[in-house]
Amino acid sequence: MIIMGKFSFVFVLGFVLMISMQNIAVVVAQSCPAAERDALLAFKAGITEDPSGQLTTWVATTDCCTWFGIFCKNGHVIELGLRPDDAFDNSGIYLTGPLGSSLFTLLELELLDLSEMQNLTGPISPAIGNLTNLVHLDFRTNKLTGSIPSSVGNLKKLNWLSLGGNPITGSIPSSIGTIGASLNYIYLGESSLSGSLPNSLFQLSNLTSLFLGVSHLSGSLSPLVGNLGPTLTVLDLSSNSFSGALPSTLAELTKVFLLDLSFNKFTGQIPASIGNIGATLFNLELANNELTGRIPPRFAKQLTGLAALGLENNKLTGPIPQGAPFSNFSVDSFRPGNPGLCGHPLPPCKGANRKKLL
């Protein structure tokens, strides 16, 4: 009985110690360092409006790993994600105040998402380059100003870069191209960015989506765009001021399903090589440029997956390719503009001219 008593005592003691150690482990795993808590509170201190109450749980006397939008691992904040929630607020504004720089001291961050807060202001500090563990960065749809700091090139693990929908200015820093193979997604559109595209951008060998539309970018489209061919599925350069001829290397974008170059100042002919993209191409938008010449006749046989086409407001001439998918497009794909085009769905080409052009 005494032996059993000792055994029971040891067993119970061991069990209690095990539970205690588990509880300690939980506390350690959840509790963030004071410096990280203070960095988050410094960001909160600058917020003047929080109508949806996203930061109400951010209280200094509590563990920041339990706060809304925060996720910790190994005792560090690795995710900060605040997203709009219309269930709590339908004003369309979620946070008002400066972005500041305190968040850029959270060196273990892997995800930083403050997208669609609407009223975050101020510049993006160069200190963002300190977040070398960052995989996902999303500041889109706010009121951030200033330029994109070149220090973003330090973010070698970055997969997702979304800064569009802000009145940011300046050019796209060439350092973006040095992020390397980890980068898959870029959204810098709906901004006030200007200047030409850096050639380094076309070194991003695993890029799948490049959204640069509705900005003030200019210059020619480099033939190096073809380097993005192995992976790129979306290329949107619409509503900018790009000019010059369309490079034939667009044909190397063999996986692209959206190619939108509309509302620019491109000149010359539509490269026949675009037809080599084949059935993958779903949407081709070349409207509102200064393109001339014929629509390449073989497009009807090559671009068999084409479901949306925009060629209006150019200076194209000659017969529209016949047969699917072109037989499915309405007049709106070709007009207004292009007074020299003919054939279905426009009026038929006239006699001898039609034969000569065919």
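None of the values given here were measured: they were computed from a predicted structure.

## Here we look at the environment of Ser-218
Inference 1: For Ser-218, the location among the structural elements is in strand S12 (residues 216-219).
Inference 2: Judged by its relative accessible area of 26%, Ser-218 falls in the partly exposed class.
Inference 3: Sequence separation between Ser-218 and Lys-265 is 47 residues, and the spatial gap between their C-alpha atoms is 9.1 Å.

## Re the environment of Ser-182
Inference 1: By secondary structure assignment, the location of Ser-182 is in the loop between strand S8 (160-162) and strand S9 (185-187).
Inference 2: Considered as a pair, Ser-182 and Leu-155 are 27 residues apart in the sequence and their alpha carbons are 9.5 Å apart.

## Quick look at the sheet that holds strand S3 (residues 95-98)
Inference 1: Taken in spatial order, the three strands of this open sheet run S3-S5-S7, and their pairing is parallel. Looking at the sheet topology across the chains shown, the edges are occupied by S3 and strand S7 (143-145). Each neighbouring strand pair of the sheet contributes to a mean axis angle of 10°, computed without reference to strand direction.
Inference 2: Two elements, strand S5 (residues 118-123) and S7, share three bridges in a ladder whose sense is parallel. Each bridged residue has a counterpart across the sheet, and for Pro-123 the counterpart in S7 is Thr-145.
Inference 3: On the sheet, helix H2 (residues 34-46) packs against S3 and S5 and is oriented at approximately 105° with respect to S3.

## Concerning the sheet that holds strand S15 (residues 258-260)
Inference 1: An order of S1-S2-S4-S6-S8-S9-S11-S13-S15-S17-S19 is seen for the 11 strands of this open sheet, with the pairing classed as mixed. Strands at the two margins of the open sheet, each flanked by one partner only, are strand S1 (70-73) and strand S19 (308-310). Within this sheet the neighbouring strands show an average axis-to-axis angle of 15°, counted without direction.
Inference 2: Both S1 and strand S2 (residues 76-81) contribute to a ladder of four bridges, which runs antiparallel. Among the inter-strand pairings, Lys-73 is bridged to a residue of S2, identified as His-76.

So, how was this worked out
Just so you know, the residues in each chain are numbered from 1, in the order the chain's sequence is written. Restriction of local features to residues with pLDDT of at least 70 applies here, the model being predicted, together with a cutoff of 80 or more for giving and counting side-chain atom pairs; totals for whole chains, interfaces and linings are based on all residues. As a convention, hydrogens and water are excluded, and side-chain values are obtained from all of the structure's heavy atoms. Runs of H or I in DSSP of at least four residues are treated as helices and runs of E of at least two as strands, each being numbered from the N terminus. Accessibility here uses a 1.4 Å probe with only protein chains present; expressed as a share of the type maximum, an area under 20% marks a residue as buried, one over 50% as exposed, and anything in between as partly exposed. Two strands make a pair as long as DSSP finds a minimum of two bridges between them. The convention used is that axes are lines fitted to C-alpha atoms, helices contributing only their stretch in contact, and that angles between N-to-C directions extend from 0 to 180 degrees. When checking whether two residues touch, look at their non-hydrogen atoms; a contact exists if any pair is within 4.5 Å.

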